[in-house]
Amino acid sequence: MSTTTARPASRPAAWKAAAPAAPLGTKTFAADLPKLPVVDLLDTLARLKQSLVPIAWSDEEYTTVSKKIDQFAMKQGPELQQRLLSRAAQARHWLEEWWDDGGYLGYRDSVVVNVSYYYGFDKHPSHLSQTPAARAAGLARAAMIFRKNLKQGLVAPDSTKEGPMCMDTYRWMFDCCRIPGPQGLDWSVSYAKENDSGDAGHIIVFRNNRVWKVEAAKAGRILSTAEFEKQINYIYENSSSAYPGVGILTASNRDVWAKDYGTLASSAHNAEILSAIQSAAFVISLEAYNPATRVQHSRALWHGSVIDGVPTGLRNRWVDKPVEFIVYDNAVAGLMGEHSVMDGTPTVRLCDDVLDMLADPSFDHGSPAAPSSLVPTSLDWEINPAITEAIAKADTAAIELIDSQELGYLLTPYGKAAIKKFGVSPDSWAQMIVQLAYRRLIGNDKRIGGTYEAATTRKFDKGRTEAIRVVTSDSDAWVASMDNSNVGKDERKRLFAAAAKRHVELAKSGGNGLGVDRHMFGLKTLLKEGEEVPELFSDPVFLRSSYWVLSTSAIFSKHFPVYGWGEVVPDGFGVAYMTGYDGMQKYS
């Protein structure tokens, strides 16, 4: 790819249409799903009022914000609602473009910690070779098979008891990459082709910062595990010393990375490497580190290993790729995901299917490696003083970011089996435990923000998420009772049941598109330049309610001993948990 196409001067207007889906009517994309609704304005404002009761610091604060909500309902609200209804009538999904930009692509801090997430994998199956090259090779073949099945529409759609879920964001799993925008807005570029059968393509492998292009298919067939392993061993053997850590640039502030990207791509040779990375099906980072504990495993995936004060992990990655497998020298492995146009549940599915394949002794690993097997191609950067300086600055920024973080990991001695005996949703149980822990952490201090839990809205066409506002008057009442010696066990149990019931109601509403935050975001976005901004939008209680001091979510995979992400506000916490096991719960 030439320098003119490595990155356009500005974001293409129709960039998101560039990623093709499998043809409609296939198994994967057969569902005819409804559009995300525009909720009645007064219903949303009523839910907003109720959610602010525990957020307000005083009755006076609550009275003030309530009056502003009423004023909004009478004044600007109806006109903004009409604009939103008009947009929804004309657009396939009224929120999609705004959410892409407002939630992710306009965010300018590093995606590491702040946006990206990680999944740590269980041990490599014992019937397979235990070398890191073998592990990486198995992941490569299985992921390429998943990619082929996805492109051919053979992957069964994700579903719930209510029916199939939208698979649209799977288009942004392979053959694509986030691009740092020079004008304050990023975008993603897709190299996927319409009607691609998935039996061609390449992957990129990093080792000691050196970039390698590995052809993943030959003559219309995906390479065997042995053929991948032979190439990966070649990479280990020919990357024994450290190369310039250009990958660290992707972990910088997005505006800094946009500037450095321009410097990097000014070389036609480097632009070709950028193109190869961006168009790769996915990336594998072979990281020179040996995580031994769950915290080490977590931190190494989350932000890369640090050795002698050097961010060696991030130097050896390309964090703009939506799928980056990471394999350590002791064959411990996992995934780092870029979050902007695809949420975490699709990559859970990817990882589960890949790891299930490898765990199956009957999995087809393909033919043994022939003597004439393909040899990977090294892609070595042209480095000038400006790039060297940029790498040094990015190293410093990365260490500052990593050093600012703490991570804890907790396993409970009980799981969903015990929780369900109390007639309580395991997810609600976990959320109430988080509320109690946070209150005990801050003591009598005033609450500085709300708690976000992601509710999937993938029952709708192009749906992604809605916010569950976990903090309620019911949850606060139960939390207060737990440290009040005058409240007995029966009353605490009653309060807990009420809080859990309310949480279930909010979660169901969120999944049905009946939350507060996405609707209010849409209304605010429709304000025109020069128009009076509603007082509600600057009210301290309203702002506090969506200052997500606790950013929480749950997924389940039997293959993930660890997973997580970072905080979304400077003084907050990212709380990942897993409730699907009968005998334990996981928190990190």
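Structure report, in brief. (Residues numbered from 1 in each chain as written. Predicted model: local features only at pLDDT ≥ 70, side-chain atom pairs only at ≥ 80, totals over all residues. Heavy atoms only, no water.)

**Some remarks on the overall build of the protein**
Argument step 1. Scanning the protein for helices and strands turns up 19 helices and 20 strands.
Argument step 2. For 588 residues, the compact-globule estimate of 2.2 N^0.38 gives 25 Å, and the C-alpha radius of gyration of the protein, at 24 Å, lies within 12% of that figure.
Argument step 3. The buried share of the protein, reckoned over its 588 residues, is 57%.
Argument step 4. Counting contacts in the protein only where the partners sit at least 6 residues apart, residues at least 24 apart contribute 77% of the total.
Argument step 5. Surface summary for the protein: the accessible area is close to 24,100 Å², and the carbon and sulfur share equals 55%. (Helix = DSSP H or I, 4+ residues; strand = E, 2+ residues; numbered from the N terminus. Rg over C-alpha atoms; globule rule 2.2 N^0.38 Å. Buried < 20%, exposed > 50% of the residue type's maximum accessible area, 1.4 Å probe, protein only. Contact = heavy atoms within 4.5 Å. Areas by Shrake-Rupley, 256 points an atom, 1.4 Å probe, with all protein chains shown as cover.)

**As for the pairing of strand 12 (residues 333-337)**
Argument step 1. When you tally the buried positions in strand 12, you get 5 out of 5 residues, the bulk of the element.
Argument step 2. Residues Ala333, Leu335 and Gly337 line one face of strand 12 and the alternating positions Gly334 and Met336 line the opposite face, and both faces are buried.
Argument step 3. Summarising the sheet, strand 1 (residues 117-120) and strand 12 pair through 4 bridges and their orientation is antiparallel. Across the sheet, Tyr118 pairs through a bridge with Met336, a residue of strand 12.
Argument step 4. Taken together, the 4 bridges between strand 11 (residues 324-328) and strand 12 define a ladder with antiparallel strand orientation. Bridge pairing links Ile326 to Gly334 in strand 12. (Pairing = 2+ DSSP bridges.)

**Some thoughts on the sheet that holds strand 7 (residues 210-215)**
Argument step 1. Ordered by their spatial adjacency, 8 strands build an open sheet running 13-7-6-10-11-12-1-18, and the pairing between neighbours is mixed. Looking at strand neighbours, the two that pair on one side only are strand 13 (377-379) and strand 18 (562-565), the edges of this open sheet. Recorded for the sheet is a direction-independent mean angle of 20° between the axes of neighbouring strands.
Argument step 2. Alignment of strand 10 (residues 283-287) against strand 11, held across 5 bridges, turns out to be parallel. Residue pairing for strand 11: Val283 is matched across the bridge by Glu324.
Argument step 3. The sheet strands contacting helix 12 (residues 344-359) are strand 1, strand 11 and strand 12, and the helix crosses strand 1 at an angle near 20°. (Axes fitted to C-alpha atoms, helices over the stretch in contact; angles between N-to-C directions.)

**Regarding the pairing of strand 11**
Argument step 1. Along strand 11, 5 of the 5 residues are buried, which leaves the element largely enclosed by surrounding structure.
Argument step 2. Neither face of strand 11 is left uncovered, since the one carrying Glu324, Ile326 and Tyr328 and the one carrying Phe325 and Val327 both have all their residues buried.
Argument step 3. Hairpin geometry of strand 11 and strand 12 is characterised by an intervening segment of 4 residues between the two adjacent antiparallel strands and by a positive phi of about 70° at Ala331.

**Concerning the packing of helix 3 (residues 59-74) against helix 4 (residues 76-90)**
Argument step 1. At their nearest, the axes of helix 3 and helix 4 sit 3 Å apart, and the two run at 55° to each other. The orientation of helix 3 relative to helix 4 falls into the category oblique. When helix 3 is examined against helix 4, the residues Phe72, Ala73 and Met74 are found in contact with a partner set consisting of Gln76, Gly77, Pro78 and Leu80.
Argument step 2. Its residues placed into classes, the contact of helix 3 with helix 4 shows 5 nonpolar, 2 polar and no charged. (Parallel < 35°, antiparallel > 145°, perpendicular 65-115°, else oblique. Nonpolar A, V, L, I, M, F, W, Y, C, P; charged D, E, K, R; others polar.)

**Focus: helix 7 (residues 225-237)**
Argument step 1. The end-to-end C-alpha distance of helix 7 is 18 Å, a good match for the 18 Å that 13 residues give at a rise of 1.5 Å each.
Argument step 2. Inspection of helix 7 places Thr225, Glu227, Phe228, Gln231, Ile232, Ile235 and Tyr236 among the buried residues, and these make up the whole buried set.
Argument step 3. Packing partners of the buried residues in helix 7 comprise helix 6 (132-151), strand 6 (202-207), strand 7, strand 9 (221-222) and strand 10. (Expected span 1.5 Å × (residues − 1).)

**With respect to the sheet that holds strand 15 (residues 450-456)**
Argument step 1. Taken in spatial order, the 6 strands of this open sheet run 14-20-19-17-15-16, and their pairing is mixed. Bordering the open sheet on either side are strand 14 (410-411) and strand 16 (465-469), each of which pairs with just one other strand.
Argument step 2. Of the pairings in the sheet, the one linking strand 19 (residues 573-578) to strand 20 (residues 586-587) comprises 2 bridges and is antiparallel in character. The residue of strand 20 that forms the bridge with Tyr577 is Tyr587.

**Description of the side chain of Asn114**
Argument step 1. Among the secondary structure elements, Asn114 is positioned in the loop between helix 5 (96-105) and strand 1.
Argument step 2. Reaching out from Asn114, the side chain makes a polar contact with the backbone oxygen of Ser110 at a distance of 2.8 Å. (Polar contact = N/O pair within 3.5 Å; in protein donor to acceptor, adjacent residues only side chain to side chain.)

**Some words on the state of the cysteines**
Argument step 1. With the rule as written, the count across this model stands at 0 disulfides.
Argument step 2. The cysteine Cys166 is free of any disulfide, with Cys176 supplying the nearest cysteine sulfur at 16 Å.
Argument step 3. Given a relative accessible area of 7%, Cys166 falls into the buried group. (Disulfide = S-S within 2.5 Å.)

**Re the pattern of salt bridges**
Argument step 1. A complete count under the given rule lists 44 salt bridges for this structure.
Argument step 2. One salt-bridge network, held together by shared partners, links Lys16, Glu96, Asp100, Asp168, Arg171, Asp343, Lys462 and Arg464. (Salt bridge = Lys/Arg side-chain N within 4 Å of Asp/Glu carboxyl O.)

**Digging into the packing of helix 5 against helix 18 (residues 517-525)**
Argument step 1. Relative orientation of the contacting elements helix 5 and helix 18 amounts to 95°, with a least axis distance of 11 Å. What the angle tells us is that helix 5 and helix 18 run roughly perpendicular. Contact residues: Trp98, Trp99 and Gly102 in helix 5; Arg518, Phe521, Gly522 and Thr525 in helix 18.

**Some thoughts on helix 12**
Argument step 1. Between its first and last C-alpha atoms helix 12 spans 22 Å; for 16 residues at 1.5 Å apiece the expected length is 22 Å, and the two agree.
Argument step 2. The buried count for helix 12 comes to 12 of 16 residues, which makes it a mostly enclosed element.
Argument step 3. Among the residues of helix 12, those classed as buried are Gly344, Pro346, Thr347, Val348, Arg349, Leu350, Cys351, Asp352, Val354, Leu355, Met357 and Leu358.
Argument step 4. Buried positions along helix 12 lie against strand 1, helix 6, strand 11 and strand 12.

**Digging into the packing of aromatic side chains**
Argument step 1. Considering all chains together, one arrives at 28 aromatic pairs under this definition.
Argument step 2. Taken together, a centroid distance of 5.5 Å and an interplanar angle of 55° make the contact between Phe72 and Phe537 tilted. In this pair, Phe72 sits in helix 3 while Phe537 sits in the loop between helix 18 and helix 19 (540-545), placing the two residues 465 residues apart along the sequence.
Argument step 3. The class of Phe72 is buried, set by a relative accessible area of 1%.
Argument step 4. The interplanar angle of 85° and the centroid separation of 5.8 Å between the aromatic rings of Trp99 and Phe521 together place this pair among those described as edge-to-face. With Trp99 in helix 5 and Phe521 in helix 18, this pair connects stretches of sequence that are 422 residues apart.
Argument step 5. Classification of Trp99 as buried rests on a relative accessible area of 16%.
Argument step 6. Residue Phe521 is classed as partly exposed on the basis of its relative accessible area of 25%. (Phe/Tyr/Trp six-rings, centres within 6.5 Å; stacked < 30°, edge-to-face > 60°.)

**Notes on the nonpolar core**
Argument step 1. Leu48, Phe72, Ile204, Trp318, Trp381, Met520 and Leu536 are the most contacted members of the largest nonpolar core, which has 80 residues in total.
Argument step 2. In terms of residues, this core owes the most to one element, helix 13 (residues 385-403), which gives 7 residues.
Argument step 3. With residues up to four places along the chain from it excluded, the contact list for Leu48 reads Ile69, Arg469, Val516, Met520, Leu536 and Phe542.
Argument step 4. Formed by 58 residues, the second largest nonpolar core is a distinct cluster that contains Phe228, Ile235, Val354 and Ile555. (Core = buried A, V, L, I, M, F, W, Y, C linked by side-chain atoms within 4.5 Å.)

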